[in-house]
Amino acid sequence: MTGIVTPFPLRGPAQVGFERVELTRILDLYGRMVAAGHWRDYAIQLGRDAAIFAAFRRAAERPEFRVEKRPALRNRQGMWALVNEAGAVLKRGHELGPVLAPVERRLLKLVED
C-alpha cells in the first residue's frame, strides 16, 4: 500500500485583532475625548470576522461610535468602518486615519466651545 497524503485543512485566523499601531491610534483619540469630558468608557470585541472598538458616553448605553476592522472587506470598500450609535456607517475606507477623521473633527469642536 502506498502512502496517501491528506492535505492539512487551511483555516484563516481564529480571531481578528488590532495591531499595536492601530490600537495606539484609536486609544489616543479615546484619551483625548475622555480629557474633553465626552467619553467615559470603552469596550473591545475581538471576533472571528471583526475587531470592534466601541466608545461610550456613559457605561449604561449603546456606544456612540464603533471603529470596526473587517479584513474580509479589505479588497472591496475597505476594512475600516466608523459606525454611529444608530448603526449607520459614517465612513468606510482602506486606511484608519481618514475613517477616524469625523470623530477628530468633532473633538476640535468640543475643545473650541
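Scroll up to find the structure this text is about.
Presented here is an overview of the structure given in this document. On a predicted model such as this, the values are computed, not experimentally measured, just so you know.

## Observations concerning helix α1 (residues 20-35)
An ideal rise of 1.5 Å per residue puts 22 Å on 16 residues; α1 measures up with 22 Å between its terminal C-alpha atoms. The complete set of buried residues in α1 reads Glu 22, Ile 26, Leu 29, Tyr 30 and Met 33. Here the buried residues of α1 occupy an arc of 100° about the axis, which is enough to place them on one side. Those residues of α1 that are exposed and angled more than 90 degrees off the buried face are Arg 20, Val 21 and Ala 35.

## So, the packing of aromatic side chains
Within the structure shown, the criterion is met by six aromatic pairs. Arranged with centres 6.0 Å apart and planes meeting at 75°, the rings of Tyr 30 and Phe 53 form a pair that is edge-to-face. With Tyr 30 in helix α1 and Phe 53 in strand β2 (residues 51-56), the pair connects residues that are 23 residues apart, well separated along the chain. A relative accessible area of 12% places Tyr 30 in the buried class. Among the aromatic residues, those joined into a cluster by ring pairs are Tyr 30, Trp 39, Tyr 42, Phe 53 and Phe 65.

Cut-offs applied
Per chain, residue numbering runs from 1 following the sequence as it is written. It should be noted that, the model being predicted, local features are given only for residues of pLDDT at least 70 and side-chain atom pairs only at 80 or more, the latter also being counted only at that level, while totals for whole chains, interfaces and linings use all residues. To obtain the side-chain values, all non-hydrogen atoms of the structure were included, while hydrogens and water were left out. Per the convention used, a helix needs a DSSP run of H or I reaching at least four residues, while a strand needs a run of E reaching at least two, with both numbered from the N terminus. The length a helix should cover is 1.5 Å for every residue beyond the first. A 1.4 Å probe rolled over the protein chains alone gives each residue an accessible area, and that area as a share of the maximum for its type sets the label: buried under 20%, exposed over 50%, partly exposed in between. Relevant arc is that of directions from the helix axis to the C-beta atoms, nothing else. Centres within 6.5 Å are what make two rings of Phe, Tyr or Trp a pair, Trp counting through its six-membered ring; a difference in plane orientation under 30 degrees is then read as stacked, over 60 as edge-to-face, and the rest as tilted.

Don't take any of this as a statement about function, it's just geometry.
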